[in-house]
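Residue-level listing of the chains:
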Amino acid sequence: MKKAYFYELMDKAEASLQKGEELLLSFQGEDSEFCRFNQGKVRQIGKVQHDRLQVRLIKDQRHATCELTLAGQSAEDALRVKNTLQSLRQMIPLLPADPYLLINREPKSSERLEKNRLPSLEQWTTAIRQETQALDFVGIQAAGGIYRGFANTLGQRNWYENYSFNLDWSVYHAADKAVKANYAGLEWDDAVLKTKMQSCREQLEHLKKPAVTIKPGSYRVYLTPSALAEVISLLEWRSFGVKSQRTKSSPLRRLVDGEQQLASMIHLSEDVAGGVAPDFDDFGFTKPDAVNLINSGQHQGALVSARSSREYQLAPTGAHEGESPESLYLKPGTLKASSILKELGDGLYISNLWYMNFSDAEACRMTGMTRFATFWVQGGQIQGPVNVMRFDESLYRMLGENLVGLTDHSEMILSSSTYDSRSTHSQRLPGALIDRFAFTL
């Protein structure tokens, strides 16, 4: 229904264009249900239906853009688009020509429609309440449809919709001790939730043991996929775009220039086909199924937006203007995730990292803190929780010379961000076993 409504708005808007004008419309919508839990009980339920339209008018290499919130009333929305075009039409002669404006002129229409396999609100809230009995469970669940669309005056039409859920929670023990976890995907499975909650209960038992305080120094650590996601998320900020790499501002500058490399087991790609983000951008360019960014530990490629494509004369990869990845995939390794404590031996099992930032971006050096379920492991057995520590490490040590191995399974991690709208960002990551990981205080 939203697709037909969007295309109808485009048809009506096209009819009001004047000679020499080009129009790009981008649609962003969601139908979401939210549920907030506290102490394992449903505390607040809400629904959000939000449809927005980005209107970009182009003439003589000049362009102006406006964003509208749609009312869902055909005549009213069509009139507002028409009035918006008139406003943009008055602005364009006053604007300079944009030398880096580039739109797709080879129309390629597409549709990516994921089947709605989500349970009802009542079904999944019942399942959550059953599995969290007797736990101090705090969390929020977001679920429902996410929609994106694109249309231009060349006849191109693109549509994307999926139906996903994201349950993000903590189970609290006492003081600063808690377990944080997440369950997200396109198809809800009560058995998976049960397994994850059982893991939380087991970690809670370990949190009840006397806390261990370690001295600053280097330790063998295991980063779960969630902990590794914090490292990778920091990298996503201006590391993989061609503009940051050409201007030498990318934290991966030394990797790009061949001065340093990562372990040969590191294969990182922007995997659009395996993610949940739309496969087109706001300028009509479609995305390839995958863009290889790092291959065998060495720089392989970059994300290219429409503007960078014009500036550097490169083929666009459909990246948005910020050129940050939306569907990163790190190829798994060979370590058995089921026996990772045995592989770790003596060291720290780290479930989550927090407060990440670069301590030296040029050297791709990061700092952050452990929090929640981080355990001291001895002889492959958990001894107790570790009091909070700060680390300071280089990516070239973590995923380079000190990387022992990656686990044999990649976990799909969907962003729980609902800022502005529900995110379509995802990562698929294994866990990482690392030697000589430096804790500073």
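Here goes a summary of the coordinates provided. (Residues numbered from 1 in each chain as written. Predicted model: local features only at pLDDT ≥ 70, side-chain atom pairs only at ≥ 80, totals over all residues. Heavy atoms only, no water.)

## Let's talk about the packing of aromatic side chains
As a reminder, the rule being used: Ring pairs shown here join Phe, Tyr and Trp side chains whose ring centres sit within 6.5 Å, with only the six-membered ring taken for Trp; geometry is labelled stacked below 30 degrees between planes, edge-to-face above 60, and tilted in between. A ring has a charge above it when a Lys NZ or an Arg CZ is no more than 6 Å from the ring centre and no more than 35 degrees off the ring normal.
Throughout the structure, instances matching the rule amount to 17 aromatic pairs. An aromatic cluster of at least three residues, connected via ring pairs, comprises Phe-6, Tyr-7, Phe-27, Tyr-147, Trp-159 and Tyr-163. Of note, Arg-428 hangs over the ring of Tyr-329, and the distance from its end group to the ring centre comes to 4.1 Å.

## Observations concerning the side chain of Ser-239
Keep this limit in mind: Strands here are runs of E lasting at least two residues and helices are runs of H or I lasting at least four, both read from the DSSP assignment and numbered beginning at the N terminus. Categorising residues by exposure relies on relative accessible area from a 1.4 Å probe, with only protein chains included: less than 20% of the type maximum marks a residue as buried, more than 50% marks it as exposed, and the intermediate range marks it as partly exposed. Note on definitions: a residue-residue contact is assigned when non-hydrogen atoms from the two residues lie within 4.5 Å.
Mapped onto the elements, Ser-239 comes out in the loop between α5 (225–236) and α6 (242–246). Residue Ser-239 is classed as buried on the basis of its relative accessible area, which comes to 0%. Among residues more than four places away in sequence, those in contact with Ser-239 are Ser-244, Gln-245, Ser-250, Pro-251 and Leu-252.

## A closer look at the packing of helix α3 (residues 121–131) against helix α4 (residues 190–207)
The line we're drawing: Note on geometry: axes are C-alpha line fits, over the in-contact stretch for helices, and angles between N-to-C directions span 0 to 180 degrees. Note on angle classes: values under 35 degrees are labelled roughly parallel, values over 145 roughly antiparallel, values of 65 to 115 roughly perpendicular, and the remainder oblique. Should the near helix be turned counterclockwise from the far one by less than a right angle, the crossing is left-handed, whereas a clockwise turn marks it as right-handed.
At their nearest, the axes of α3 and α4 sit 10 Å apart, and the two run at 30 degrees to each other. One element, α3, and the other, α4, form an angle in the roughly parallel class. Considering the relative orientation of α3 and α4, their crossing is right-handed. Mapping the contact onto sequence places Ala-127, Ile-128 and Glu-131 in α3 and Asp-190, Leu-193, Lys-194, Met-197 and Arg-201 in α4.

## Here we look at helix α2 (residues 74–91)
Operational definition: For a helix, the expected span equals 1.5 Å multiplied by the number of residues minus one. The arc under discussion is defined with respect to the helix axis, by the directions toward the C-beta atoms.
Counted at 1.5 Å a residue, the expected span for α2 with its 18 residues is 26 Å, and the 26 Å between its end C-alpha atoms agrees. Of all the residues in α2, the buried ones are Asp-77, Ala-78, Val-81, Thr-84, Leu-85, Leu-88 and Arg-89. One face of α2 carries all of its buried residues, which in axial projection span an arc of 140 degrees. Facing away from the buried side of α2, by more than 90 degrees, are the exposed residues Ala-75, Lys-82 and Gln-90. Each element contacted by the buried residues of α2 is listed here: α1 (2–15), β1 (22–38), β2 (41–59) and β3 (62–69).

## Here's the deal with the nonpolar core
Applicable threshold: By nonpolar core we mean a set of buried residues, namely Ala, Val, Leu, Ile, Met, Phe, Trp, Tyr and Cys, connected to one another through side-chain atoms within 4.5 Å.
Counting 58 residues, the largest nonpolar core has Leu-53, Phe-137, Trp-169 and Trp-188 as its most contacted members. When near neighbours in sequence (up to four residues on either side) are disregarded, Phe-137 contacts Phe-37, Asn-38, Gln-39, Gly-40, Ile-128, Thr-132, Leu-167, Trp-169, Ser-170, Val-171 and Met-197. Ranked by size, the runner-up nonpolar core spans 48 residues in total, among them Ile-214, Ile-232, Leu-293 and Met-398.

## Digging into unusual backbone geometry
Of note, the phi angle at Lys-248 is positive, near 65 degrees, even though the residue is not glycine. With respect to the helices, strands and loops of the structure, Lys-248 is situated in the loop between α6 and α7 (253–256). The class for Lys-248 is partly exposed, based on a relative accessible area of 49%. The residue Tyr-355 is not glycine, and still its phi comes out positive at about 50 degrees. Note on placement: Tyr-355 falls in strand β14 (residues 353–360). Look at Tyr-355 and you get exposed, because its relative accessible area is 54%.

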